[in-house]
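Geometric and topological summary
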Amino acid sequence: MDLRRIQSDVFIVGAGPAGLACAIAAARQGLKVEVIDAAKPPINKACGEGLLPGSLDSLAALGFDPKRDLPHTQSASLEGVRFVGDSTSSKRQATVQCNFPGGSGCGIRRTVLHQVLLDRAASLGVCFHWQNTLRSVAIDRNLATIHATSRTFHTRYLIGADGHQSRVAALAGLTGSTIHSRRIGLRQHYTVAPWTDFVEVYWSNIGQAYVTPTSSNEVCVAFVADKKFASPEDALAYFPTLRHHLTASQPNGPPRGSITLGRSLRRVTTSNIALIGDASGSVDAITGEGMALCFRQALALVSALQSDDLSSYQSAHRNIQRIPCLMSRILLLIGRSTRLRAQIFSSFERNPALFSSILQLHVGNHASHLFGEDGLLAAGLSLLTS
Ligand SMILES: Cc1cc2nc3c(=O)[nH]c(=O)nc-3n(C[C@H](O)[C@H](O)[C@H](O)COP(=O)(O)OP(=O)(O)OC[C@H]3O[C@@H](n4cnc5c(N)ncnc54)[C@H](O)[C@@H]3O)c2cc1C
């Protein structure tokens, strides 16, 4: 290996939340970081735009003070989750709500969050190369040579943060995966004073719509379903209670769509290459956990880079994914059965502490190492249907 050819310690493909979080975590440890992205800022994406309390804890571990660093006029505090039952269903479905145990979350436009992360990365000396697409990679022991659109880079570690269709994963032979679910998301902003400081999830037989306030005069609505909606208006026809809330509002900007996958990769590392964020597997959007996963993985990955042991990231990654994957599967199961939904919502109504415990499991620190995955699924379902 010719050490003189190494230009960076860490080279990241993709400047979404995962790539930026990884860049920040690595630069904070004194590593030299370069990032390429095929796009250029502002980088936008269809997203529900909710950061659950666990995401804010991980942002704090990345050096952010969410109260100080997330712009107040362009974000909104989230106090809990409200499930709004299907009003068109023949079986009565309750509306149930629960405050987040132990802290608030935050609704923030994707582009605003991106700018906050980008500014921090740049201030830590991270070097960005925009409108640069990864073409190919060559690995020679500890040196990765990366060919991108505009030039060639040499690095010690290559990180794929390039989303679902990761080219890094394909080039590194890391695409072996199990797909648990595949749905279609559609996001639309509306100009309206939020009527709630909760993340509201509206359920119907066709899918869910969830509302996240993102400022004092805007909400973000994400529709997620098995079918593709022609437009937000088309989607709202399945959610009459939500449509009623939005009667006096105006759509703000164009809608944006995206696939959302529940997907587990068999491996997320090989030699000096690692995957992070959606490139490394994902959970259905309904969990609201996508960005939290990116932030947690970034912290775990940089800790592995520091000890020069990517195998520790492989096992940390598995632990980080476990509960969100389980929750994703449970929420999809609830979504598919009107009967189960009616049963569960009425259990929550009778026993609010049950909803609180499950929300704690979803947003809090996970005791996943105590159970196997199937044990967790069984425990979760028996809790829900008790
Ligand atoms: C409808 C919907 C709603 C959601 N709601 C929420 C929510 O409320 N809360 C939450 O936490 N999560 C939510 N998520 C999930 C969240 O959006 C994702 O988990 C998150 O965006 C993953 O970030 P990422 O950085 O891994 O990937 P991405 O955001 O996809 O970023 C990947 C980047 O890589 C770049 N790239 C790709 N290929 C190349 C290449 N070959 N060369 C160079 N650059 C490349 C792209 O330009 C892009 O900028 C939602 C997702 C959907 C679809």
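The structure presented is a predicted model; accordingly, all values stated were derived computationally and were not measured. (Residues numbered from 1 in each chain as written. Predicted model: local features only at pLDDT ≥ 70, side-chain atom pairs only at ≥ 80, totals over all residues. Heavy atoms only, no water.)

One open sheet holds the 3 strands; their spatial order is β3-β7-β4, and the pairing between them is antiparallel. Only two strands of the sheet have a single partner each, and these edge strands are β3 (50-51) and β4 (75-78). With 2 bridges connecting them, β3 and strand β7 (residues 105-108) associate as antiparallel partners. Counterpart to glycine 50 in the pairing with β7 is glycine 107. (Pairing = 2+ DSSP bridges. Helix = DSSP H or I, 4+ residues; strand = E, 2+ residues; numbered from the N terminus.)

This part covers the site of the ligand. Around the ligand, the surrounding shell holds 34 residues, and the nearest of these are Asp37, Gly48, Arg110, Asp278 and Met291. Between the ligand and lysine 45 there is a distance of 3.3 Å, counted from an oxygen atom to a side-chain nitrogen or oxygen. Residue leucine 134 places a main-chain N or O atom 3.0 Å away from a nitrogen atom belonging to the ligand. About the coverage of the ligand: the protein hides 90% of its 1000 Å² of free accessible area. Within the residue set of the shell around the ligand, elements represented by two or more residues are α1 (17-28), β16 (250-265) and α8 (290-306). Ranked by residues supplied to the shell around the ligand, first place goes to α8 with 3 residues. (Near = heavy atom within 4 Å. Polar contact = N/O pair within 3.5 Å; in protein donor to acceptor, adjacent residues only side chain to side chain. Areas by Shrake-Rupley, 256 points an atom, 1.4 Å probe, with all protein chains shown as cover.)

The next subject is the nonpolar core. Among soluble globular proteins, nonpolar side chains are generally buried collectively. Formed by 68 residues in total, the largest nonpolar core has its most connected members in Ile12, Val33, Leu51, Ile159, Ile276, Phe295 and Leu301. With 10 residues, the single largest contributor to this core is α8. Residues within four places of phenylalanine 295 in sequence aside, it is in contact with Pro17, Ala21, Leu51, Ser55, Ser58, Leu59, Leu62 and Leu117. By size, the runner-up hydrophobic cluster in this structure holds 30 residues, among which are Cys98, Val201, Leu354 and Val363. (Core = buried A, V, L, I, M, F, W, Y, C linked by side-chain atoms within 4.5 Å. Buried < 20%, exposed > 50% of the residue type's maximum accessible area, 1.4 Å probe, protein only. Contact = heavy atoms within 4.5 Å.)

With that out of the way, let us pick up the environment of valine 302. With respect to the helices and strands, valine 302 occurs in helix α8. Judged by relative accessible area, valine 302 falls into the buried class, the value being 3%. Between the C-alpha atoms of valine 302 and alanine 26, which are 276 residues apart in sequence, the distance is 5.7 Å. Setting aside its immediate chain neighbours within four residues, valine 302 contacts Cys22, Ala25, Ala26 and Gln29.

Attention shifts here to helix α4 (residues 110-123). Given a rise of 1.5 Å per residue, 14 residues ought to cover 20 Å, and the 20 Å separating the end C-alpha atoms of α4 matches this to within 8%. Every buried residue of α4 is listed here: Arg110, Val112, Leu113, His114, Val116, Leu117, Leu118, Arg120 and Ala121. (Expected span 1.5 Å × (residues − 1).)

Applying the stated criterion across every chain, the model contains 9 salt bridges. Notably, a salt bridge pairs arginine 68 with aspartate 69, separated by 2.9 Å at the nearest N-O pair. In this structure, the salt-bridge partner of aspartate 69 is arginine 120, at a minimum N-O distance of 3.3 Å. In this pair, aspartate 69 is assigned in helix α3 (residues 66-69) and arginine 120 in helix α4, connecting sequence segments 51 residues apart. Linked by salt bridges that have partners in common, Arg68, Asp69 and Arg120 make up one network. (Salt bridge = Lys/Arg side-chain N within 4 Å of Asp/Glu carboxyl O.)

Examined at the domain level, the chain breaks down into domain 1 (3-322) and domain 2 (338-385). On a C-alpha basis, the centroid separation for the pair domain 1 and domain 2 is 24 Å. Every contact between the two is made by 26 residues of domain 1 and, on the other side, 17 residues of domain 2. When domain 1 packs against domain 2, the two sides together hide about 2000 Å² of surface, and 66% of this comes from carbon and sulfur. Across the domain 1-domain 2 interface, the total number found is 0 salt bridges. (Domains from an automatic or database assignment. Buried area = accessible area lost by both parts, 1.4 Å probe.)

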